[in-house]
Amino acid sequence: WPLVGYCCGALARHEIPLIRGLEDSCPTLDDLKAFGAAFATSAGAPMFHIAGVTPEAHQQPDLPGTALSAADLLAGWAELNKGDATDIGLVSLGNPHFSATEIRSLATLLDGRARDERVRIVVTSGRAVFEQATQAGDVARLSAFGVATVQDICWCRPREPIVPPD
C-alpha cells in the first residue's frame, strides 16, 4: 500500500485523482493510512479518491486516466530504497501513528529476534492505542526487544531525545 500510494501520488502531482483498479483489494484502515501517508509524500494534491473504497469516489467524473505500470512500481521501489542500508541508526515507525494492529504485528515480527544495539527503534502512537497495546501485552514485547515508544507527538517536529543528534 505505501508503494502504490507513493507511485499514485507521483503520477497525480497536484491533481485530485480517482484511482481505479483497487476495488477488489479490500483495504484495511491501516492499508488506507499507509497509502495516504505515502501519497502525501509524493503529491501536492490535498486528497484522493479510490473507486469502490472511499465514500465520494462514485461522484467523481469519469476522466481520462493514466495507468500505473509495473515499471512505475519498480521505479518507485528503487527511489524509496536508494539509501545505504549498511548505515542505519534509527528506525522510526508510526508516521502517522501506529495502530494497535500494527503494534501487535511488529511485536510478533520481532519475537525471538535480537536487535543490533547500534540501531535505535522508535514507535509513535496515540495514547489510547498505546494503552490498548499495553493491556494486550504488545508494548512489553516491544520493550523487551528494545523498541522505544512515544505517544501523541508528530515526527514532523522531532526534538531530542526522540531523534539523537548524531
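Up top is the structure these notes are about.
All values derive from a computational prediction rather than experimental measurement. (Residues numbered from 1 in each chain as written. Predicted model: local features only at pLDDT ≥ 70, side-chain atom pairs only at ≥ 80, totals over all residues. Heavy atoms only, no water.)

### Focus on the overall build of the protein
Stated precisely, the cut-off is as follows: A run of DSSP states H or I qualifies as a helix once it reaches four residues; a run of E qualifies as a strand once it reaches two. Both are numbered from the N-terminal end. Partly exposed residues are those whose accessible area sits between 20% and 50% of the maximum for their type, while under 20% is buried and over 50% is exposed, using a 1.4 Å probe and protein chains only. The contact criterion used is simple: two residues touch if any of their non-hydrogen atoms lie within 4.5 Å. Each accessible area value is a Shrake-Rupley result obtained with a 1.4 Å probe; residue values ignore everything except the protein chains displayed when judging cover. Positive charges come from Lys and Arg, negative ones from Asp and Glu, while His and the chain ends are left out of the count. By convention, the charge on Lys lies at NZ, on Arg at CZ, on Asp at CG and on Glu at CD.
When helices and strands are tallied, the protein shows six helices and five strands. Taken from N to C terminus, the helices and strands of the protein fall in the order α-β-α-β-α-β-α-β-α-α-β. Of all 166 residues assigned to the protein, the portion counted as buried reaches 30%. Once local pairs closer than 6 in sequence are excluded, the contacts in the protein between residues at least 24 apart make up 82%. Here the protein displays about 10600 Å² of accessible surface, and carbon together with sulfur accounts for 57% of that area. For the protein, the separation between the mean place of its 13 positive charges and that of its 20 negative charges on side chains is 5 Å.

### Re the nonpolar core
Short version of the rule: Note on terminology: a nonpolar core comprises buried Ala, Val, Leu, Ile, Met, Phe, Trp, Tyr and Cys residues joined through side-chain atoms within 4.5 Å.
Counting 14 residues, the largest nonpolar core has Ile103, Leu106, Leu110, Val123, Leu142 and Val147 as the members making the most contacts within it. Elements with a minimum of two residues in this core: helix 4 (100-110), strand 4 (120-125), helix 5 (127-135) and helix 6 (138-145). The leading source of residues in this core is helix 4, at four residues.

### Remarks on the side chain of aspartate 138
Within the secondary structure, aspartate 138 is located in helix 6. For aspartate 138, the residues in contact, after removing those within four places along its chain, are Ile103, Arg104, Ala107 and Ala133.

### Description of the environment of alanine 133
Note that alanine 133 resides in helix 5. Overall, the relative accessible area of 2% leaves alanine 133 in the buried class. Each C-alpha atom, one on alanine 133 and one on serine 99, is 8.8 Å from the other, the two residues being 34 residues apart in sequence. For alanine 133, the residues in contact, after removing those within four places along its chain, are Ile103, Asp138 and Val139.

### A look at the pattern of salt bridges
How we decide: Note on definitions: salt bridges are taken to be side-chain nitrogens of Lys or Arg within 4 Å of carboxyl oxygens of Asp or Glu.
Within the structure shown, the criterion is met by nine salt bridges. Across the salt bridge formed by lysine 33 and glutamate 102, the nearest N and O atoms sit 2.6 Å from each other. Within this pair, whereas lysine 33 is found in helix 2 (residues 29-42), its partner glutamate 102 is found in helix 4, the two being separated by 69 residues in sequence. Note that aspartate 152 and arginine 127 form a salt bridge whose closest N and O atoms lie 2.4 Å from each other. Here the residue aspartate 152 occupies a position in the segment after strand 5 (147-151), and arginine 127 occupies one in helix 5, the gap between them amounting to 25 residues. Note on arginine 127: relative accessible area 58%, which makes it exposed.

### Topic: helix 2
To keep things clear, this is the line we draw: Helices are assigned an expected span. That span is 1.5 Å times one less than the residue count.
Given a rise of 1.5 Å per residue, 14 residues ought to cover 20 Å, and the 20 Å separating the end C-alpha atoms of helix 2 matches this to within 8%. Residues of helix 2 that are buried include every one of Asp30, Phe35, Gly36, Ala38 and Phe39, and no others.

### Things to note about the packing of aromatic side chains
Put simply, the test is: Geometry of aromatic contacts follows a simple scheme: Phe, Tyr and Trp rings, the Trp one being its six-membered ring, pair when their centres are within 6.5 Å, and the pair is stacked under 30 degrees between planes, edge-to-face over 60, tilted otherwise.
Taken as a whole and assessed by the stated rule, the structure comprises four aromatic pairs. Note on tryptophan 1 and phenylalanine 35: the rings are 6.2 Å apart at their centroids and 70 degrees apart in plane angle, and the pair reads as edge-to-face. Taken together, the residues tryptophan 1 in the segment before helix 1 (2-12) and phenylalanine 35 in helix 2 connect sequence positions 34 residues apart. Taking 4.8 Å as the distance between ring centres and 65 degrees as the angle between the ring planes, the aromatic pair formed by phenylalanine 35 and phenylalanine 48 counts as edge-to-face.

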